Amino acid sequence: MAAEHLDVIIIGAGLSGIGMACHLSSMCPDKRFAVLEKRAAVGGTWDLFRYPGIRSDSDMFTFGYKFRPWNELQVLANGNSIRQYIRETAEEFKVTEKIRFNTSTQSANWSSEDKRWTLITTDTGSGEEKIYTCDFLVGCTGYYNYESGYLPEFPGVETFKGTCIHPQHWPTDLDYKGKKVVVIGSGATAVTLVPAMAETAGHVTMLQRSPSYVFSVPGYDRISEVLGKFLPQKWVYHMARKRNIVMQRWIYKAAKRWPDKTRKILLKGVSKKLDDQSNMKHFTPSYNPWDERLCAVPDADLFEAINNGKASVVTDHIDTFTEKGIRLKSGQELEADIIITATGLQMQMLGGMQLSLDGETIPLNKQMTYKAVMMQNVPNMAWILGYTNAPWTLKADMASLYICRLLKHMDETGKQVAVPLDRHGHAEEESIMGSLQSGYVQRANAILPRQGRALPWRILNNYELDSVLLLKESLEDGILTFDPPAAKNQSAEKAA
């Protein structure tokens with residue numbers, strides 16, 4: 001079977017993949033590239049998730065691309081708007097024609113002799129196999145499994161006579177009007193679903209094992225609306241973006257430096273929104289702010305649903321599912337017609353693709369990431385991993401720019417191979433997710449790449465420092481090694 005060769009292959013046509021493709025087409029116009037997308041449409045996460053109320057949990061001035069302004073005034077945009085924004089961006093930059101839809105990438109093998117990647121793919125419809133080769137590979141697949149979310153083994157689930165749904169597989173024909181709904185979970189998905197479903201459901205109960213930090217943000221940017229009457233739209237966008245980046249960074253830094261004070265401020269904000277103060281126990285976590293991600297809700301919609309009696313929160317543990325609902329450890333039984341298991345994500349690296357070096361599998365959980373963009377011992381490969389403590393796209397944009405810088409540098413210097421090598425034993429046991437205590441992170445600790453005790457092997461999650469590390473520092477740092485003479489033997493030995 002003849003292989004199609006390209007200079008660069010991007011895996012994934014979601015927010016990161018389309019952003020990378022746009023940067024590549026602008027900065028490296030001579031590069032022949034393709035985007036391999038498993039699904040039938042662009043959007044990634046925003047095409048997959050279709051549950052009621054689906055929206056961003058970051059403001060769109062920073063969640064949108066820096067190179068293409070978000071020109072609406074809705075702060076937390078809904079899924080359809082984001083999907084349309086990604087699609088229009090791809091069309092504007094003529095990236096859509098580069099996408100190979102319904103293409104599932106099964107494996108990628110680097111040949112040290114040929115200095116190229118060979119990818120085995122299958123058509124998701126016909127099952128037909130196709131082979132691609134490329135000089136440089138970029139993974140833009142996010143970090144979770146699109147096939148299935150995380151679902152704990154609930155006792156007695158088979159006895160429940162109603163409908164049980166995971167938000168990752170939302171049925172388009174679900175009718176919940178006037179129904180009793182229980183949403184299991186307390187993360188971003190749960191706090192989005194509850195007020196959205198409460199508008200037409202009979203009653204919605206959010207069942208959680210423990211509380212999360214929830215805070216309200218304005219649903220509409222009034223400041224930008226006023227400024228837009230006097231200033232050019234582009235100016236307004238960049239001012240809003242800079243303002244929000246500074247604000248987000250300040251909140252995160254304050255939470256880490258003064259956790260007790262930040263906690264008091266967050267809890268005071270919730271107290272002001274709740275009519276019945278007895279509900280505060282459901283919004284008072286035992287951990288410090290930003291040990292797990294904070295949950296943002298627009299215009300206090302979750303608290304409003306609770307105040308008007310359309311929704312309620314129960315903090316307890318599940319004893320068993322019953323025919324009519326869920327019995328809790330306390331003995332209370334929650335009746336339900338529909339149970340939504342908003343129990344989280346199942347993490348997965350590189351979309352499940354098998355990565356190998358000269359035929360030997362590369363154990364990703366044994367490798368460190370270099371500047372959080374490349375992989376130790378893995379030649380000519382990068383991946384886009386956004387922020388966990390700030391809008392994803394802030395980091396994705398910078399990572400894409402860094403990759404384009406690297407490709408241009410390799411062309412200008414006549415180099416064919418770039419591989420990060422750790423010559424000083426910096427590896428530590430800590431994963432790339434660092435101290436984040438979210439359940440989905442802890443469950444996946446064994447499969448995640450490691451990070452080192454010092455730069456450039458350490459994950460910063462710091463916008464200001466990453467801007468310097470990725471966009472200003474020299475590419476020739478002695479760690480990123482170009483055309484190493486013994487690349488094959490050295491890399492294979494370390495990967496093993």
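Details of the structure are given in the entry above.
## Digging into helix H7 (residues 233-257)
Then step 1. An ideal rise of 1.5 Å per residue puts 36 Å on 25 residues; H7 measures up with 36 Å between its terminal C-alpha atoms.
Then step 2. Of all the residues in H7, the buried ones are Val236, Tyr237, Ala240, Arg241, Asn244, Ile245, Arg249, Tyr252, Ala254 and Ala255.
Then step 3. For H7, the secondary structure elements touched by its buried residues are helix H3 (60-63), helix H6 (222-227), helix H8 (259-273), helix H10 (392-413) and helix H12 (463-471).

## Quick word on the pattern of salt bridges
Side-chain pairing between opposite charges can occur once the charged atoms of the two side chains come close.
Then step 1. In the structure shown here, the tally under the stated rule is 19 salt bridges.
Then step 2. For Arg293, the salt bridge is made with Asp57, and the minimal N-O distance between the two is 3.4 Å. Remark: Asp57 occurs in the loop between helix H2 (45-48) and H3 and Arg293 occurs in the loop between H8 and strand S11 (295-298); sequence separation between them is 236 residues.
Then step 3. A salt bridge links Arg458 to Glu428; the nearest nitrogen and oxygen atoms lie 3.5 Å apart. Note that Arg458 is positioned in the loop between strand S24 (450-452) and H12 and Glu428 in strand S23 (residues 427-431), a separation of 30 residues in sequence.
Then step 4. By relative accessible area, which is 25% here, Arg458 ends up partly exposed.

## So, the nonpolar core
Then step 1. By size, the foremost hydrophobic cluster in this structure holds 135 residues, and its most contacted members are Ile10, Ile18, Trp117, Leu119, Leu137 and Leu355.
Then step 2. In terms of residues, this core owes the most to one element, H10, which gives 11 residues.
Then step 3. In contact with Leu355, not counting residues within four places along its chain, are Ala108, Trp117, Leu137, Leu350, Glu360, Thr361, Ile362, Leu364, Val378 and Met381.
Then step 4. Phe154, Ile318, Phe321 and Ala336 belong to the second-largest nonpolar core, a separate cluster that totals 13 residues.

The rules behind the values
- Residues numbered from 1 in each chain as written.
- Predicted model: local features only at pLDDT ≥ 70, side-chain atom pairs only at ≥ 80, totals over all residues.
- Heavy atoms only, no water.
- Helix = DSSP H or I, 4+ residues; strand = E, 2+ residues; numbered from the N terminus.
- Expected span 1.5 Å × (residues − 1).
- Buried < 20%, exposed > 50% of the residue type's maximum accessible area, 1.4 Å probe, protein only.
- Contact = heavy atoms within 4.5 Å.
- Salt bridge = Lys/Arg side-chain N within 4 Å of Asp/Glu carboxyl O.
- Core = buried A, V, L, I, M, F, W, Y, C linked by side-chain atoms within 4.5 Å.

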